[in-house]
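Residues per chain are reported as follows:
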Amino acid sequence: MSDDAPVRVRFAPSPTGLLHIGGLRTALYNYLLARQTGGTFVLRIEDTDRSRFVPDAERDVLDGLAWAGLAVDEGPTQGGDAGPYRQSERRGLYADAAQRLLDGGHAYVAFDTPDEIEAMKERHRTDANPSPRYDAATRGEMANSLGLSETEVADRIARGDEYVVRLLVPERQTVVFHDRVRGEVSFDTAEVDDQVLVKSDGMPTYHLANVVDDHAMGITDVIRGEEWLSSVPKHLLMYRALGWTPPRLAHLPLILSPNGGKLSKRSADRLGIPVSVAQYRDAGFEPEAVVNFLALLGWNPGTDQELFGLDGLVEAFDVERIGRSGVQFSMDKLEWFNGQHLRQLSADEIARRAHPAVEAAVGPVDDAALVAAADLMRERLSRASDLAEATYLFQDPETYDPAGLNKRWKDDSAGLVAAYADRLEADAAFTVESTEAAMRRLAEDQGAGFGRIVHPVRLAATGTSVGAGLFETLVVVGREATIRRLRRAVDVLG
Ligand code: GLU
């Protein structure tokens, strides 16, 4: 791979559950780099851990990416020249690479049982070394091909003894690499264990399969979460041993809980933060808003601009501007982005997205009424489904907000509301201007303050004390319904 080869990036989820919101961020950053360089966005399913395999997970990844608008160029359902794109279908490649590592003396065969490994750790555990590793310091005392003769190894394998293949990590070396986010990073090999590369069931581990596939698929850039940073030395040792050029690396900052600390599934649950992309979709978040929010969760454009569509992100995105420090997840911010993106849609489109929630709340609604309601409320919605909370736009209120009544419903309210209803009977135009003018005239004629009328009228007409502009709201409710509501409130509230 030369430095100016066309960019090929991959999103490489393990199908162990629903697509995570952090996973979607990783996919997004990869996608943005691919699109802005005219490169290729590859989807690779890392399904070698059969014990954690979830059958529907791949489908969920595809649905999540499609929902977010991230089109995959090559992948298990898209095809491509570098396939197959599921690791379970590429086992021959991993076996070949493992054999090359063994032949070159960069890996070895180990027969130790889990109990034997545990006993070794037990022997070495001290306060200074609380978690001993299978590494240069301990491998000499274990049952592996480093100590056994060739015939012993061959016999044990022939006999059917279970074995794994481990990476032979060289002693006392410093592995230095450049990360596009973190700059120069170095690890001492004394901190690196002899990673299992092939498990006893013959399946490769993540580490071997990941390196083999990034090479075989011509991946030029790896962008992934920070939790993988500590795996890099193992991977680089394999690249070196296999004579391959590693891809450029960029590790994304951790996503933190609003309370600090890593946003784990547990902490997220406790705070009511959804973790899977499907939950955001089902909760009625706009995909454009989720994408915009995730883009800025770890990257910044270097300007004050906050609102981006996917195309704008493709243009503005810059790997070098990804931050190093953890970024705090904020549902409030996401809600804000959602409102901003929603506002940019046409009233028809908002109505379409709000329709299921509104219908669930008030039953069948007329299209024109829904569009008028969407247009009225657009500035006040953070999710399209919020429109369903303004039930008074579709049906007469049955109750009146007690706090509002307490504060706003005075002795003269019923009389003023009734008088206003009379004025509306005479207002054939029933526009925002005419309904407002009628109220101003009434206020003057009665020598009452405008506020003395406007608040009780809102309560009577909507049952609430907050909402969009009153006269705009009355027009959406309609003349007949408004008058009916005002009269009923006078009866009920007296
Ligand atoms: N399969 C790994 C995951 O689930 C991929 C990590 C990587 O991108 O190297 O995140």
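The rules we used
Residues numbered from 1 in each chain as written. Predicted model: local features only at pLDDT ≥ 70, side-chain atom pairs only at ≥ 80, totals over all residues. Heavy atoms only, no water. Near = heavy atom within 4 Å. Polar contact = N/O pair within 3.5 Å; in protein donor to acceptor, adjacent residues only side chain to side chain. 1 Å grid on protein atoms, 1.4 Å probe; cavity = no way out; pocket = protein on both sides within 12 Å on 5 of 7 lines; lining within 4 Å. Sits in = over half its atoms within 2 Å of the grid points. Buried < 20%, exposed > 50% of the residue type's maximum accessible area, 1.4 Å probe, protein only. Helix = DSSP H or I, 4+ residues; strand = E, 2+ residues; numbered from the N terminus. Pairing = 2+ DSSP bridges. Contact = heavy atoms within 4.5 Å. Right-handed = clockwise from strand over helix to strand, strands pointing away. Core = buried A, V, L, I, M, F, W, Y, C linked by side-chain atoms within 4.5 Å. Axes fitted to C-alpha atoms, helices over the stretch in contact; angles between N-to-C directions. Parallel < 35°, antiparallel > 145°, perpendicular 65-115°, else oblique. Left-handed = near helix turned anticlockwise from the far one by under 90°. Nonpolar A, V, L, I, M, F, W, Y, C, P; charged D, E, K, R; others polar. Phe/Tyr/Trp six-rings, centres within 6.5 Å; stacked < 30°, edge-to-face > 60°. Lys NZ or Arg CZ within 6 Å of the ring centre and 35° of its normal.

Further remarks concern the site of the ligand. All residues in the neighbourhood of the ligand are listed as R10, A12, S14, E46, Y206, N210, R224 and W228. At 2.7 Å, a side-chain N or O of R10 approaches an oxygen atom of the ligand. The pocket occupied by the ligand, as judged from atoms lying within 2 Å of grid points, is the largest pocket.

Attention now goes to the pairing of strand β4 (residues 164–167). Of the two faces of β4, both are covered, the one formed by V164 and R166 as well as the one formed by V165 and L167. Inspection of the sheet shows strand β3 (residues 107–110) paired to β4 by four bridges, in the antiparallel sense. Across the sheet, the residue bridging to Y108 is R166, located in β4. Here β4 runs beside strand β7 (residues 196–198); their pairing, made up of two bridges, is antiparallel. Along β7, the bridge assignment pairs R166 with V196.

Here we come to helix α10 (residues 287–295). The element α10 is largely enclosed, with a buried count of eight among its nine residues. For α10, every residue scored as buried is listed here: P287, A289, V290, V291, N292, F293, L294 and A295. On its buried side, α10 packs onto α1 (21–37), α2 (57–68), α9 (277–282), α11 (310–316), α12 (331–343) and α13 (347–362).

Attention now moves to the pairing of strand β1 (residues 8–11). Burial along β1 is two-sided: R8 and R10 facing one way and V9 and F11 facing the other are all buried. Taken together, β1, α1 and strand β2 (residues 40–43) constitute a β-α-β crossover, and its handedness is right-handed.

Formed by 54 residues in total, the largest nonpolar core has its most connected members in L24, F41, L65, L70, Y280, V290 and F329. When residues of this core are assigned to their parent elements, the largest contribution, nine residues, is made by α1. By size, the runner-up hydrophobic cluster in this structure holds 34 residues, among which are Y94, A98, L101 and V232.

Before going further, it helps to examine the packing of helix α16 (residues 413–425) against helix α17 (residues 432–446). Running from N to C, α16 and α17 cross one another at 130 degrees; their axes reach a closest spacing of 10 Å. Judged by the angle between their axes, α16 and α17 are oblique. For the crossing formed where α16 meets α17, the hand is right-handed. Touching L416, A419, Y420, R423 and L424 of α16 are T435, A438, M439, R441, L442, D445 and Q446, all from α17. Per-class residue counts for the contact of α16 with α17 are seven nonpolar, two polar and three charged.

For the rest of this paragraph, the subject is the packing of aromatic side chains. Scanning all chains against the criterion turns up 13 aromatic pairs. Taking the centre distance of 6.4 Å and the plane angle of 35 degrees together, the rings of F450 and F471 count as tilted. With a gap of 21 residues between them, F450 in helix α18 (residues 450–462) and F471 in helix α19 (residues 470–477) connect regions that are remote in the sequence. By relative accessible area, which is 7% here, F471 ends up buried. Chaining the aromatic ring pairs together yields one cluster made of Y29, W299, F308 and F317. Of note, R166 hangs over the ring of Y134, and the distance from its end group to the ring centre comes to 3.6 Å.

Keep in mind these values describe shape, not function.
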